[in-house]
Amino acid sequence: MRSSGVDCLALVVAALVATPVSAAVVPGVDVPAGPLSAALTALGRQANIDILFSDRVIGDRQCAALRGEVAPGDALARLLAGSGLTYRRTAEGAYIIEQAAVAPTEFEEAIPEILVIGRRVQNSDIRRTQDDIQPYQVYSRHDVQRARSSSIEAFARSRLPANAQIASPRQTGSNTRSEINLRGLGANQTLILVDGRRMPNLPSPPFSFNQPDVNGIPVEMIDRIEVLTATAGGVYGTGATSGAVNIVLQNDFRGAEVSATTGVSSRGDAFEYRLFGRVGFTPDNGRTNVMLAASWAREAILQAGERDYLDRAARRRFANDPETVLGASPFPTGNGINIIGTEPLTLDPEFGGTALGARFTTLPLGLGADVATRNALLVANAGTLTLDQAPGVRGTGASVQGSPEVRSILLNVRHDFGGGVEAAVDLIDTRNRGRRRSASYSSSIYPIPASQPNNPFQQTVFLAIPADPLGVALERTINDTQRLTASLTVPLPGRWRANAEIGRGHARAATLATVTGETDDLFLALYRDVTPAGKPVLRPLGDWDEFTTAIGSYAKARATTSGQSDRFRNLALRLAGPVLQLAGGPAALTLLAENRRETIAESQTLLFFSDEPIVFNLPRVARKVQSLYGEGRLPLTADAGLFSRLELQLALRHDWTRTTLPGAVTFFETDPPPYAKRNSTTMYTAGFRVAPMPGLLLRASTATGALPPATDQIGARQSTGSNSTPDPQRGGRFLGREVTTTFVTGGRSDLRPERARSISAGAIVSLGDGASPRLSVDFTRITKRDEIVPLLGGNEALLLANEAIYPDRITRAPLSDADRVLGFTAGPVTRIDLSSINLGRTRIDAVDVAFDHSFSAPAGDFNAYLRATWEPTFTQQAGPGALAIERVGYVDGPLEWRGNAGLDWSRGRFTVGCNGQFYSRYRVVRSVTTATEAQTIKAQGALHIPAQFYVDLYGTYRLGPNDAASGPELRWGLSNVFDRRPPTVVDPNGPGYSFYGDPRRRRFQLTLDVPLAGR
């Protein structure tokens, strides 16, 4: 176990605690006893202050007389004493009278929040806490605010150590959607909820689903994030095999505020801008509550030339492994013309016949037509290459990562009809646009035979030319998500409550990619020196300006457009209430019946490679899930020695899943009639917690989960033809050469859901009843079986060698007499089926640690904290007898250690904090041994990418008066304080840096938050 990195985890964040100062006393207050409403009116007139209240809130309450010199706050406290009312002061100095918060009963803490009277929230799940029976991690609004993250995904990458995500979608393309991957099982096995409800999944071509995109939700709207890092099928249903993330929004906001955020790197680039505003009000004295929020955010493109990641990776690769760099395409393209031969180069006799003594040389860009100068440079630069990036989109102008532009509108309206009857409408509408510029380096490599005039050497050479516009790609993505929910909550007898809701949603994913490629006659012009009619001659080693002008005539724009929409519908009925009184309190039961449907409509992908586009018809896909769920919480004991506060949890859920899609997918023609795939799954969660002694809480739980076959795992793909796979029962004859052979790949209709089970056990140590300091340690083991994997890895030779084990996967023609004479033991293969099968297994072991300690000192208030995950085991096996593969600590697996720690200080108007994030080292190679593994290590110059540690600073300064409940705030952040460079990663197809680091490096962020009305 490598713990040195964890020892480094120290420092971080801040939360402001304002120090109120009483306002001046008011002399001569004289308020007679009587109706409270009259007394408040009199006090407001005498003290010259605004006191806002509604007759519905005040009712017929009475109050005692009040006389003498008294401060407004003290006067209100005395008038409201014993009334069940309280007051709060707005930024403008007005006082608002409202119902005092009522502590929820014990059973209300164990039922969905939306059913708790008085809570203006839309969370349809039970409020989960960090001391829950299952190992939940809860991040508050202040945690999110202090992280200074621009999106929910960015917060999860830096502050949620159980998130084993390697690369964000924006780091590998233009898509700026969110993705969270708990434990490393895959984003499709982490369930994302918003206010306890599922969001529409983003469609993913050709006919599957991605995780919902929550990057469009402004971080300013988050009330808390509840994360369960264990299997959660018994509570949340299918798809939660590695856990669930519930994002609870702050729908109970009252007042108005606007905020503006700007950010920039310490190098003056990577600008970001964010605007946010919201208003919460009641138009009818509290019966109706309205909250409306809107936001807009944009990040500028970070260009490759503004960082040296690719330059450093290219130089390291060439220094460590020049043979490989020079041995195969793509050859390195830089700010010059790199010339590479298959043997040492020698100039043609007409140019002096000089032997360069090397296989490669380079020329600078911008040369004229002088042949003597060119030849002299070819000789002088022998044995060198230009590796620095060239200007333009093919080099310095390319994007380091996708850049988002996001806008969102959120609306929540809640009306109280009285008597516990409430109705609500909730809208989430987000637009997420991503963009990226890149280059295809294969378009810049040109072979020139020795016989051609373009080649001054006696050998065939390859020219690596950074010539815009060829190979330039512009990519844009669109991710739109809407969800509209209407609900009605009513009381039932016996303190039970019911909630019915209907939801509609829509998710659209679209991509537009344009690539400026070469025309077909470019090859003739360079390789054969045949100039097409009407086009200029190409001389890449001649005058550079003439060449760059001429090559534009050989450029041809190509485009790909695709777009799919997912229509989402949901009906749900919830019931909750107490069922019996136990020693520790009332037992609560929550019941749910739900019907959910998602449908991806038919669509087309268009490829514009010629005058007539190529059309891919993408089929209609539908998934319907019906669920029944029940969860009971049983507080068996109160204070009972070793069994104090013993509480049991039992949740049971059954999901019926029906997936409809075409049978064999053929994109170019009408598909066969669709068929329906049905799965039925029962899942459970069971656990307990107990406090055997003061300050110690023990908890343990087990849960099951399921992952139905994805839509792209059900539809099989068939093709006919032949290949070079030998048939051992027919003397090594190749498949398809004797008879027509059908090859089957992809999915199968008889696949079963993948199954998961988790076991968690942990301890929470705190002083007193949950007081600081608090330390929790939880162990979780997740085991999966029946994972869907390609049969024998899709290897036809292995299947033929194991035909006796899988006889139903190979169909043969009858063995003929002629075959017997030749010694063959079976007829020719007419069908070979390598489609998927339920054989895979996975085991994950992880330990989550959380520490919090708040304390006060003469210098101010402090809060220290730590969050860390140790994942020593992530073992996968493709089937019985197959090699078990350990993925922890490899480039394609989770890190062994991941965590962050911090320290916050606050005093008066000020808050200052720091946070450090740690990522342990990992191997540069993949967990499955490949033929290029040794080459990858050699190019990197090391087996491991070193551990990474980044430190952030942040703070808050309140600009309003000290006695204001809230006021304008100035928030700032300094990320990556020490400007640590992400480690260089040598990968010809990668960005040149470790994905765990932020390529922007050190950056500043400033936010001004201004309340326009009390909140």
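Residue numbers run consecutively from 1 along every chain, following the written order of its sequence. Two thresholds apply to this predicted model, a pLDDT of at least 70 for residue-level local features and 80 or more for giving and counting side-chain atom pairs, whereas whole-chain, interface and lining totals are computed over all residues. Note that the side-chain values use all heavy atoms of the structure and ignore hydrogens as well as water.

- An unreviewed UniProt entry lists the protein under the name Secretin/TonB short N-terminal domain-containing protein, from Glacieibacterium frigidum.
- Within the UniProt record for the protein, the comment given under Sequence similarities (unreviewed entry) is "Belongs to the TonB-dependent receptor family."
- UniProt positions are given in the numbering used here, feature names are shortened, and annotations may be inferred rather than shown by experiment. Its UniProt record gives the protein the following Subcellular location (unreviewed entry) comment, quoted word for word: "Cell outer membrane".

## Things to note about the overall build of the protein
- Each helix corresponds to a stretch of at least 4 residues labelled H or I by DSSP, and each strand to a stretch of at least 2 residues labelled E; elements are numbered beginning at the N terminus. Looking only at helices and strands, one finds 16 helices and 51 strands in the protein.
- Since a compact globule built from 1015 residues should have a radius of gyration of about 31 Å, the 33 Å found for the protein is in line with a globular shape.
- When its C-alpha atoms are laid out on the principal axes, the protein stretches across 115 × 75 × 55 Å.
- We call a residue buried when its accessible area falls under 20% of the maximum for its residue type, exposed when it is over 50%, and partly exposed in between, using a 1.4 Å probe and counting protein chains only. In the protein, buried positions account for 54% of the 1015 residues.
- Within the structure as shown, the protein displays about 41,000 Å² of accessible surface, and the carbon and sulfur contribution to it stands at 57%.
- Positive charges come from Lys and Arg alone, negative charges from Asp and Glu alone, with His and the N- and C-terminal ends not counted. To locate a charge, take atom NZ for lysine, CZ for arginine, CG for aspartate or CD for glutamate. Considering the protein, the positive charge centre built from 107 side chains and the negative charge centre built from 100 side chains are found 3 Å apart. Only C-alpha atoms enter the radius of gyration; for comparison, a globular chain is expected to reach 2.2 Å times N to the power 0.38, where N is the number of residues. To be clear on the numbers: accessible area is Shrake-Rupley with a 1.4 Å probe, and residue cover counts the displayed protein chains and nothing else.

## Digging into the confidence of the model for the protein
- Note: pLDDT gives the predictor's confidence per residue, expressed from 0 to 100. When pLDDT is averaged across the protein, the result is 88; 92% of the residues are at 70 or more.
- Residues are treated as being in contact if the distance between any of their heavy atoms lies within 4.5 Å. Segment residues 1-23: pLDDT under 50, and 85 contacts once partners within four positions in sequence are set aside and those in other chains are kept.
- Confidence over residues 666-670 falls short of pLDDT 50; this stretch has 11 contacts with residues more than four positions distant or in other chains.

## Details of the nonpolar core
- Residues belong to one nonpolar core when they are buried, are Ala, Val, Leu, Ile, Met, Phe, Trp, Tyr or Cys, and are joined through side-chain atoms within 4.5 Å. Membership of the largest hydrophobic core comes to 29 residues, with the highest contact counts inside it found for Ile225, Val245 and Leu249.
- Secondary structure elements with two or more residues in this core: α5 (141-147), α6 (152-159), β9 (190-194), β13 (222-228), β14 (243-249) and β17 (288-299).
- Counting residues in each nonpolar core, the second largest holds 26 residues, with Tyr446, Ile448, Phe457 and Phe547 among its members.

## Some points on the domain arrangement of the protein
- Domain delimitation in this document rests on an assignment produced automatically or drawn from a domain database. Here the protein is partitioned into domain 1 (26-99) and domain 2 (303-398 + 440-469 + 520-553).
- On a C-alpha basis, the centres of domain 1 and domain 2 stand 84 Å from each other.

## What about the environment of Gly239?
- With respect to the helices and strands, the residue Gly239 is situated in the loop between α7 (233-236) and β14.
- Taking the C-alpha atoms as reference points, Gly239 and Thr190, 49 residues apart in sequence, are found 6.6 Å from one another.
- Residues in contact with Gly239, not counting those within four places in the same chain, are Asn188, Gln189, Thr190, Leu191, Ala706 and Leu707.

## Digging into the pairing of strand β7 (residues 95-99)
- Strands qualify as paired when DSSP identifies two bridges or more between them. In terms of strand pairing, strand β3 (residues 51-52) meets β7 through two bridges, oriented parallel. Within the sheet, the bridge partner assigned to Leu52 lies in β7 and is Ile96.
- The pairing of strand β6 (residues 85-89) with β7 spans five bridges and is classified as antiparallel. Following the sheet pairing, Thr86 is matched in β7 by Glu98.

## Details of the sheet that holds β9
- Read across the open sheet, the five strands follow the order β8-β13-β14-β9-β10; overall the sheet is mixed. Each end of this open sheet is capped by a strand with a single partner; those strands are β8 (136-140) and β10 (197-198).
- In the sheet, β9 pairs with β14 via five bridges, with the strands oriented parallel. Looking at the pairing, Thr190 lines up with Gly243 of β14.

## Thoughts on the pairing of strand β30 (residues 621-635)
- Where burial is concerned, most of β30 is hidden: 11 out of the 15 residues are buried.
- In the sheet, β30 pairs with strand β31 (residues 644-661) via 14 bridges, with the strands oriented antiparallel. Counterpart to Arg623 in the pairing with β31 is Thr659.

## As for helix α10 (residues 371-380)
- By the burial criterion, the buried members of α10 are Arg374, Asn375 and Leu378. Looking straight down α10, one finds that the buried residues subtend no more than 95° of arc, so they occupy a single side. When the buried face of α10 is taken as reference, the exposed residues oriented beyond 90 degrees from it are Ala372 and Ala380.
- In this structure, the buried residues of α10 make contact with β18 (336-341) and β19 (360-364). The directions from the helix axis to the C-beta atoms form the arc being described.

## Quick notes on the environment of Ala498
- The residue Ala498 is located in strand β25 (residues 496-518) in this model.
- On the basis of relative accessible area, Ala498 is assigned to the buried category, the value being 8%.
- Non-local contacts of Ala498, meaning those with residues more than four positions away in its chain, are made with Leu115, Leu488, Thr489, Val490, Leu492, Arg574 and Leu575.

## Thoughts on the side chain of Asp132
- The topology assignment puts Asp132 in the loop between β7 and β8.
- When near neighbours in sequence (up to four residues on either side) are disregarded, Asp132 contacts Arg127, Arg633, Arg689 and Arg699.

## Quick word on the pattern of salt bridges
- Should a side-chain nitrogen of Lys or Arg be within 4 Å of a carboxyl oxygen of Asp or Glu, the pair is scored as a salt bridge. Throughout the structure, instances matching the rule amount to 64 salt bridges.
- For Asp223, the salt bridge identified is with Arg224, shortest N-O distance 3.1 Å.
- Of the charged contacts, one joins Asp845 and Arg781 as a salt bridge, the two residues approaching to 2.7 Å between their closest N and O atoms. Linking Asp845 in strand β42 (residues 836-857) with Arg781 in strand β39 (residues 771-790), this pair joins segments that are 64 residues apart in sequence.
- Residue class for Asp845 comes out buried when judged on its relative accessible area of 6%.
- What you see here is one network of salt bridges that share partners, running through Asp125, Arg128, Asp132, Glu631, Arg633, Glu647 and Arg689.

## Remarks on the packing of helix α8 (residues 309-320) against helix α16 (residues 933-940)
- One can describe the packing of α8 onto α16 by two numbers: an axis separation of 7 Å at closest approach and a directional angle of 115°. The orientation of α8 relative to α16 falls into the category roughly perpendicular. For the pair α8 and α16, the contacting residues are Arg316, Arg317 and Asn320 in the first and Lys938, Ala939 and Gln940 in the second.
- For this classification, the nonpolar set comprises Ala, Val, Leu, Ile, Met, Phe, Trp, Tyr, Cys and Pro, the charged set comprises Asp, Glu, Lys and Arg, and every other residue, Gly included, is treated as polar. When grouped by side-chain class, the residues that make up the contact of α8 with α16 number one nonpolar, two polar and three charged. In this description, a line fitted to the C-alpha atoms serves as the axis of each element, helices being fitted only across the stretch in contact, and the angle between N-to-C directions of two axes falls anywhere from 0 to 180 degrees. Each angle receives one of four descriptions, namely roughly parallel if under 35 degrees, roughly antiparallel if over 145, roughly perpendicular if within 65 to 115, and oblique otherwise.

## So, the sheet that holds β19
- One open sheet holds the four strands; their spatial order is β19-β18-β23-β22, and the pairing between them is antiparallel. With one partner strand each, in any of the chains shown, β19 and β22 (445-448) form the two edges of the open sheet. Mean inter-strand twist for the sheet, computed between neighbouring axes without regard to direction, equals 20°.
- In this sheet, β19 lies alongside β18 in antiparallel orientation, the contact comprising five bridges. When the bridges of β19 are listed, Ile339 appears paired with Thr361.

## Side note on unusual backbone geometry
- For Arg183, which is not glycine, the phi torsion reads 65° and is therefore positive.
- Although it is not a glycine, Asp195 adopts a positive phi angle of roughly 55°.
- Structurally, Asp195 is set in the loop between β9 and β10.
- Residue classification places Asp195 among the buried residues on the basis of a relative accessible area of 0%.

## Digging into a positive patch on the surface
- In this scheme, patches are assembled from residues that exceed 30% relative accessible area and form no salt bridge. Like charges are connected within 9 Å, while nonpolar side chains (Val, Leu, Ile, Met, Phe, Trp, Tyr) are connected within 5 Å. Residues Arg504, Arg567, Arg569, Arg597, Arg620, Arg658 and Arg678 make up a contiguous surface patch of positive charge.
- For Arg597, the location among the structural elements is in strand β27 (residues 585-600).

## A word on the packing of aromatic side chains
- Working definition: a ring pair exists when centres of Phe, Tyr or Trp rings (six-membered ring for Trp) sit within 6.5 Å. Plane angles under 30 degrees give stacked, over 60 give edge-to-face, the rest tilted. The tally for this structure, following the rule as stated, stands at 14 aromatic pairs.
- Ring centres of Phe331 and Phe462 lie 5.2 Å apart, and the angle between their planes is 45°; on these two criteria the pair is classed as tilted. Of this pair, Phe331 sits in the loop between α9 (322-327) and β18 while Phe462 is found in strand β23 (residues 461-464), placing the two residues 131 residues apart along the sequence.
- A residue is classified by how much of its surface remains accessible, and Phe462, at 24% relative accessible area, is partly exposed.
- Members of the aromatic cluster, joined through ring pairs, are Tyr919, Tyr922, Tyr950 and Tyr996.
- For a ring to carry a charge above it, either NZ of a lysine or CZ of an arginine must fall within 6 Å of the ring centroid while also lying within 35 degrees of the normal to the ring plane. Note that Lys535 overlies the ring of Tyr554, its terminal NZ or CZ placed 5.0 Å from the centroid.

## Looking at α8
- How far a helix is expected to stretch is found by multiplying one less than its residue total by 1.5 Å. Between its first and last C-alpha atoms α8 spans 16 Å; for 12 residues at 1.5 Å apiece the expected length is 16 Å, and the two agree.
- Within α8 the residues assigned to the buried category are Tyr309, Asp311, Ala313, Arg317 and Phe318.
- On its buried face, α8 sits against α9, β19 and α16.

## Digging into the packing of helix α2 (residues 36-47) against helix α4 (residues 72-80)
- Interaxial distance between α2 and α4 falls to 11 Å at its minimum, and their mutual angle equals 170°. On the basis of their axis angle, the class for α2 and α4 is roughly antiparallel. Here Leu36, Ala39, Leu40 and Leu43 of α2 lie close against α4, whose contacting residues are Ala75, Leu76, Leu79 and Leu80.
- The class makeup of the residues in the contact of α2 with α4 is eight nonpolar, no polar and no charged.

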